[in-house]
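Chain by chain, the residues:
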Amino acid sequence: MACVAVTTIIFDTDCVLCSKWVHFILAHERDQGIMFVSAWSPHGLAVAARYGLNEAELQRTYLVVDDGLGLTRSDAGLALLRHLKPPYSWLRALRIVPRPVRDYVYVLVARNRYRWFGKVDRCFVPPEAMRHRFIDRP
């Protein structure tokens, strides 16, 4: 029997861009190997701490735990692309862009995400059929 690796995303449930990204993943994923956790939940904060991130750092990045490895910024986004159907999975080719360049763009967007995309006062609500994949869901 093959071992199925679980990928977990710890994301900002108050951020409109982050929530849209989660909905995009759910709509275009190849498999259902991703679990989702609110960055601001007790579980999300505990997982982040396990990978050396505090609450202030979660304001600047999301965390993807993929095969036990904690990834942030552009590396986190690129790791998630392997779970998506083509043509979105083809964007993994962006790995050839040097990490400092990728992370510069990531940080620019992350720093301005609330201003550009908005912030919600209520927590992210997952689609009914996918709620079992959200840890600490509302």
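Reading guide: rules and limits
Every residue gets a number counted from 1 within its own chain, in the order that chain's sequence is written. Thresholds applied to this predicted model are a pLDDT of at least 70 for local features of residues and 80 or more for the giving and counting of side-chain atom pairs; totals over whole chains, interfaces and linings are not thresholded and use all residues. Note that the side-chain values use all heavy atoms of the structure and ignore hydrogens as well as water. For helices the rule is a DSSP run of H or I covering at least 4 residues; for strands it is a run of E covering at least 2, with both sets numbered from the N terminus onward. A simple rule labels every residue: compare its accessible area, found with a 1.4 Å probe on the protein chains alone, to the largest value its type can have, and call it buried under 20%, exposed over 50%, or partly exposed in between. N or O atoms closer than or at 3.5 Å make up a polar contact, with two conditions inside protein: a donor-capable atom paired with an acceptor-capable one, and, for residues adjacent in sequence, both atoms drawn from side chains. It only takes one pair of heavy atoms within 4.5 Å for two residues to be counted as in contact. Residues form patches when they are more than 30% accessible in relative terms and have no salt bridge. Like charges link within 9 Å. Nonpolar side chains (Val, Leu, Ile, Met, Phe, Trp, Tyr) link within 5 Å. Here the accessible surface of atoms and residues is derived via Shrake-Rupley with a 1.4 Å probe, and residues count as covered only by protein chains that are part of the display. Think of a salt bridge as a Lys or Arg side-chain nitrogen and an Asp or Glu carboxyl oxygen that are within 4 Å of each other. In this scheme Phe, Tyr and Trp rings, the latter by its six-membered ring, pair at centre separations within 6.5 Å, and the angle between planes marks the pair as stacked below 30 degrees, edge-to-face above 60, and tilted otherwise.

Draft legend 1. Representation of the side chain of Glu29. Residue position: Glu29 is located in the loop between helix H1 (16–28) and strand S2 (34–38). Given the relative accessible area of 7%, Glu29 is considered buried. Engagement of the side chain of Glu29 in a polar contact is seen with the side chain of Arg133, the distance being 2.7 Å. Discounting residues that sit within four places of it in the chain, Glu29 has contacts with Ile34, His83, Leu84, Lys85 and Arg133.

Draft legend 2. Representation of a nonpolar patch on the surface. A cluster of nonpolar residues, Tyr104, Val105, Leu108, Trp116 and Phe117, forms a patch on the protein surface that exposes about 530 Å² of accessible area. Turning to its location among the elements, Phe117 is positioned in helix H5 (residues 99–117). Accessibility expressed as a relative area gives 41% for Phe117, which makes it partly exposed.

Draft legend 3. Region of the structure containing the packing of aromatic side chains. Summed over the entire model, instances satisfying the criterion amount to five aromatic pairs. When the centroid spacing of 4.7 Å and the interplanar angle of 20° are considered together, the rings of Phe36 and Phe134 count as stacked. In this pair, Phe36 is assigned in strand S2 and Phe134 in strand S5 (residues 134–135), connecting sequence segments 98 residues apart. Assigned by exposure class, Phe36 and Phe134 land together as buried.

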